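Report on the structure
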Amino acid sequence: MDKRCSSRTRRGRGGPGPKGVSAFLLLGEEGQGFSIAMHSLDKGRVSVGAGCAGIIMGCLETVVDYATQRQQFGRPPASFQLIQDMIADISVDLDAARLLVYRAADLIERGEPFGVEASKVKYYASEAAVRAANSAIQIFGGYGYIDEYPVQKYLRDARVMTLYEGTSQIQKLLIGRAETGVSALL
Ligand SMILES: Cc1cc2nc3c(=O)[nH]c(=O)nc-3n(C[C@H](O)[C@H](O)[C@H](O)COP(=O)(O)OP(=O)(O)OC[C@H]3O[C@@H](n4cnc5c(N)ncnc54)[C@H](O)[C@@H]3O)c2cc1C
């Protein structure tokens, strides 16, 4: 699968020299690297969640336009209850994803711990974006599968969101550990 419009560039040429990282390049304290890297992932997870909310919003706007404007056997697809069922799910997922993003962003702004909330954003919003894009393709019917309309792109864009910055399984393990105090991570 391809994720279009995503620039993937090579960064960070070369690794540490034979004597390790020079003092000039050291971020934070020696020995804290893993913790710093994990903390930066937490913020990335909120950003991914915000991007997913954007994908869901794109899905909602696109399907509402299409389902209300297309005429099929003398009526718009929006007049079918089962089409409205899918549109309602997308709408609720959009609100839920947005609110989870806002909660985590608020914690970041106030300097409060936000790791678990970031995992919840990442897990919920990415899975919701896949659901929304999949439903959008369904609502478009055959047009959803071809690249004349944007919904096939939304599915490609959404699908990778459940993988990078920690897969959905890893987010659930982090949330489960926070709830139980027991780590199921290897
Ligand atoms: C387009 C794209 C861009 C990326 N960009 C970056 C980047 O900029 N920087 C970067 O560092 N990485 C990047 N990645 C890598 C991405 O973070 C990893 O692919 C992702 O973390 C999953 O790791 P993996 O592919 O090694 O899968 P694996 O770790 O091999 O996982 C395979 C499967 O096993 C599951 N799994 C793994 N461990 C456990 C466990 N303990 N318990 C239960 N299930 C488990 C996973 O959820 C997954 O379903 C990118 C990936 C993609 C696709």
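Heads up: the structure comes first, above all this text.
Quantities reported herein were computed from a predicted structural model and do not represent experimental measurements.

**Let's talk about the overall build of the protein chain**
- Tallying secondary structure elements over the protein chain gives five helices and zero strands in all.
- In the protein chain, the succession of α and β elements from N to C terminus is α-α-α-α-α.
- Taking 16 Å as the expected radius of gyration for a compact globule of 186 residues, we find that the protein chain reaches 20 Å, considerably beyond that expectation.
- Summarising its shape, the C-alpha atoms of the protein chain cover approximately 75 × 40 × 30 Å along the three principal directions.
- Of all 186 residues assigned to the protein chain, the portion counted as buried reaches 31%.

**Details of the environment of M161**
- Tracing the backbone through its elements, the reader meets M161 in helix α4 (residues 151-161).
- As for M161 and Y149, which are separated by 12 residues in sequence, their C-alpha atoms are 21 Å apart.
- Discounting chain neighbours no more than four positions away, the residues touching M161 are V48, G51, C52, S126 and A129.

**Focus: the packing of helix α2 (residues 81-109) against helix α3 (residues 115-140)**
- Packing of α2 against α3 leaves a shortest axis separation of 9 Å and a crossing angle of 155°. It follows from the interaxial angle that α2 and α3 lie roughly antiparallel. Seen along the crossing, α2 lies across α3 with a hand that is left-handed. Facing α2, whose interface residues are I83, M86, D89, I90, D93, A96, A97, L100, V101, R103, A104 and L107, α3 presents E117, A118, K120, V121, Y124, A125, A128, R131, A132, S135, Q138 and I139.
- Taken together, the residues of the contact of α2 with α3 sort by class into 16 nonpolar, two polar and six charged.

**Overview of the nonpolar core**
- In terms of nonpolar packing, the biggest core is built from 38 residues, with C52, I56, A129 and A133 touching the most fellow members.
- Tallying contributions element by element places α3 first for this core, with 14 residues.
- Sequence-distant contacts of A129, that is, excluding residues within four places in its chain, are made with C52, I55, I56, A158 and M161.

**Details of the site of the ligand**
- Close to the ligand lie 11 residues, the nearest being V160, Y164, T167, Q169 and L186.
- Of all the elements, helix α5 (residues 168-180) adds the most residues to the shell around the ligand, at three residues.
- Taken together, the residues of the shell around the ligand break down into seven nonpolar, three polar and one charged.

**Concerning α2**
- Counted at 1.5 Å a residue, the expected span for α2 with its 29 residues is 42 Å, and the 42 Å between its end C-alpha atoms agrees.
- Those residues of α2 that fall on the buried side of the exposure criterion are M86, I87, I90, D93, L94, A97, L100, V101 and A104.
- Tucked into the core, α2 has its buried residues touching α1 (33-69) and α3.
- Backbone geometry just downstream of α2 places G111 in the positive-phi region, at approximately 70°.

**Considerations on α4**
- Regarding α4, the residues found buried are V151, Y154, L155, D157, A158 and M161.
- Packing partners of the buried residues in α4 comprise α1 and α3.

**A word on the environment of R177**
- Structurally, the position occupied by R177 is in helix α5.
- Each C-alpha atom of the pair R177 and D157 lies 29 Å from the other, and the pair is 20 residues apart in sequence.
- The residues contacting R177, other than those within four sequence positions of it, are V182, S183, A184 and L185.

Rules behind the numbers
- Residues numbered from 1 in each chain as written.
- Predicted model: local features only at pLDDT ≥ 70, side-chain atom pairs only at ≥ 80, totals over all residues.
- Helix = DSSP H or I, 4+ residues; strand = E, 2+ residues; numbered from the N terminus.
- Rg over C-alpha atoms; globule rule 2.2 N^0.38 Å.
- Buried ≥ 20, exposed ≤ 12 C-beta atoms within 10 Å, placed from the backbone.
- Contact = placed C-beta atoms within 7 Å.
- Axes fitted to C-alpha atoms, helices over the stretch in contact; angles between N-to-C directions.
- Parallel < 35°, antiparallel > 145°, perpendicular 65-115°, else oblique.
- Left-handed = near helix turned anticlockwise from the far one by under 90°.
- Nonpolar A, V, L, I, M, F, W, Y, C, P; charged D, E, K, R; others polar.
- Core = buried A, V, L, I, M, F, W, Y, C linked by C-beta atoms within 7 Å.
- Near = placed C-beta within 6 Å.
- Expected span 1.5 Å × (residues − 1).

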